[in-house]
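So you can see what is in the structure, the chains are spelled out below.
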Amino acid sequence: DTAVSQTPKYLVTQMGNDKSIKCEQNLGHDTMYWYKQDSKKFLKIMFSYNNKELIINETVPNRFSPKSPDKAHLNLHINSLELGDSAVYFCASSYKGRSYNEQFFGPGTRLTVL
Amino acid sequence: QKEVEQDPGPLSVPEGAIVSLNCTYSNSAFQYFMWYRQYSRKGPELLMYTYSSGNKEDGRFTAQVDKSSKYISLFIRDSQPSDSATYLCAMSAVRQGAQKLVFGQGTRLTINP
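Model, not experiment: these values are computed from the prediction.

S.K.: I would appreciate a short explanation of the overall build of chain A in the present structure.
M.R.: Looking only at helices and strands, one finds 0 helices and 11 strands in chain A. Along the longest, intermediate and shortest principal axes, the C-alpha atoms of chain A span 40 × 30 × 30 Å. The burial tally for chain A puts 46% of its 114 residues in the buried class. Partitioning the intrachain contacts of chain A with sequence separation of at least 6 by distance along the chain shows that 55% fall at a separation of at least 24. Entry remark: accessible area of chain A is about 5600 Å², with carbon and sulfur atoms responsible for 48%. Counting 14 positive and 11 negative side-chain charges, chain A places the centres of these two groups 3 Å from one another.

Listed below in structure tokens is the structure:
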């Protein structure tokens, strides 16, 4: 079974639409993350949730809204999609702690905005 | 200036060669240093992590950190075609219990049989 799963794998949509990406982890982790990887492979953190509480919120347009219904799920909703939102979005999870905890990444969702 | 700089390559070497991948960083607050491997159309997977200056070895892979120079390296010995992937360095500091990873741009590596 996949440890961190994302749906859908591919998403093609028109500018101005609203879309959601779902993420689920079955590792028992309590912290989840969203990352964006652009066309040059640059991977950048967007958000982090710990047990449904937002703890990292980078400089991301407020068109992006993460939602965590429980500690095993972290969904990403994007309003009014723009061409620049085209990227691969990765979900990740880890344990929370004061020392290092490995982050496990999902397979990614490739978003194309036309 | 980016917090983490990594030469994006691409880098192409023959099978069996020793590969050296490098990153520099500017933020002294980074506590942990990682190398991730990402195959095409897949998510990144952790190869190695370390938190102190010096070398750490795992099979054919050696991670090296020099905190005084703010420089990290990954060496791959006896490189194999299956090592062909994008290698991402990453650094982190813990914030409210979460690891905020800051990645380099990634180096695309091809090992030619």
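Resuming the write-up.
S.K.: Help me understand the pairing of strand S8 (residues 71–76) of chain B in this model?
M.R.: On a regular strand, one side chain projects to one face of the sheet and the next to the other, so that they alternate. All names here are of chain B. Relative to S8, strand S3 (residues 19–25) runs antiparallel, the two sharing 6 bridges. Residue pairing across strands places Ser20 opposite Phe75, the latter belonging to S8. Following strand S7 (residues 61–66), the chain reverses through 4 residues before pairing antiparallel with S8; Lys70 in that reversal takes a positive phi of roughly 55°.

S.K.: Is there a simple way to explain the state of the cysteines in this structure?
M.R.: Working definition: the covalent bond between the sulfur atoms of two cysteines is a disulfide. All names here are of chain A. Going through the model one piece at a time under the given rule, you end up with 2 disulfides over all chains. In this model Cys23 forms its disulfide with Cys91; the gap between the sulfur atoms is 1.9 Å. Residues Cys23 and Cys91 share a disulfide whose torsion about the S-S bond is about -75°; that sign makes it left-handed. Here Cys91 lies in strand S9 (residues 87–94) and Cys23 lies in strand S3 (residues 19–25), a separation of 68 residues in the sequence. In this structure Cys91 comes out as buried when scored by relative accessible area, which is 0%.

S.K.: Would you take a moment to explain the nonpolar core for this structure?
M.R.: One recurring pattern in soluble globular proteins: nonpolar side chains tend to sit buried together. All names here are of chain B. Grouped together as the largest cluster of nonpolar side chains are 25 residues, with contacts concentrated most on Val4, Trp35, Ile72, Leu74, Tyr87 and Met91. Elements with a contribution of two residues or more to this core: S3, strand S4 (32–38), strand S5 (45–50), S7, S8, strand S9 (85–95) and strand S11 (107–112). Apart from residues no more than four positions distant in its own chain, Ile72 is found in contact with Leu21, Asn22, Cys23, Tyr25, Phe33, Met34, Trp35, Gln64, Val65, Cys89 and Met91.

S.K.: Whenever I open this one, the interface of chain A and chain B confuses me. Can you help?
M.R.: Accessible area lost upon the coming together of the parts is a frequently used measure of interface size. Every contact between the two is made by 28 residues of chain A and, on the other side, 24 residues of chain B. Of the roughly 2300 Å² buried between chain A and chain B on both sides combined, carbon and sulfur atoms contribute 54%. Remark: the boundary between chain A and chain B carries 1 salt bridge. Across the pair Lys100 of chain B and Glu58 of chain A runs a salt bridge whose closest N-O atoms are separated by 3.1 Å. Our count for the contact surface shared by chain A and chain B stands at 5 residue pairs in polar contact (both at pLDDT 80 or more). Those elements that provide at least two residues to the side of chain A that touches chain B are strand S4 (31–37), strand S5 (43–50) and strand S6 (53–57) of chain A. With 4 residues, S4 of chain A is the largest single contributor of residues to the side of chain A that touches chain B. Class assignment for the residues of the side of chain A that touches chain B results in 13 nonpolar, 8 polar and 7 charged.

The rules behind each value
- Residues numbered from 1 in each chain as written.
- Chains lettered and ligands numbered in written order.
- Predicted model: local features only at pLDDT ≥ 70, side-chain atom pairs only at ≥ 80, totals over all residues.
- Heavy atoms only, no water.
- Helix = DSSP H or I, 4+ residues; strand = E, 2+ residues; numbered from the N terminus.
- Buried < 20%, exposed > 50% of the residue type's maximum accessible area, 1.4 Å probe, protein only.
- Contact = heavy atoms within 4.5 Å.
- Areas by Shrake-Rupley, 256 points an atom, 1.4 Å probe, with all protein chains shown as cover.
- Lys, Arg positive; Asp, Glu negative; His and termini not counted.
- Charge placed at Lys NZ, Arg CZ, Asp CG, Glu CD.
- Pairing = 2+ DSSP bridges.
- Disulfide = S-S within 2.5 Å.
- Core = buried A, V, L, I, M, F, W, Y, C linked by side-chain atoms within 4.5 Å.
- Buried area = accessible area lost by both parts, 1.4 Å probe.
- Salt bridge = Lys/Arg side-chain N within 4 Å of Asp/Glu carboxyl O.
- Polar contact = N/O pair within 3.5 Å; in protein donor to acceptor, adjacent residues only side chain to side chain.
- Nonpolar A, V, L, I, M, F, W, Y, C, P; charged D, E, K, R; others polar.

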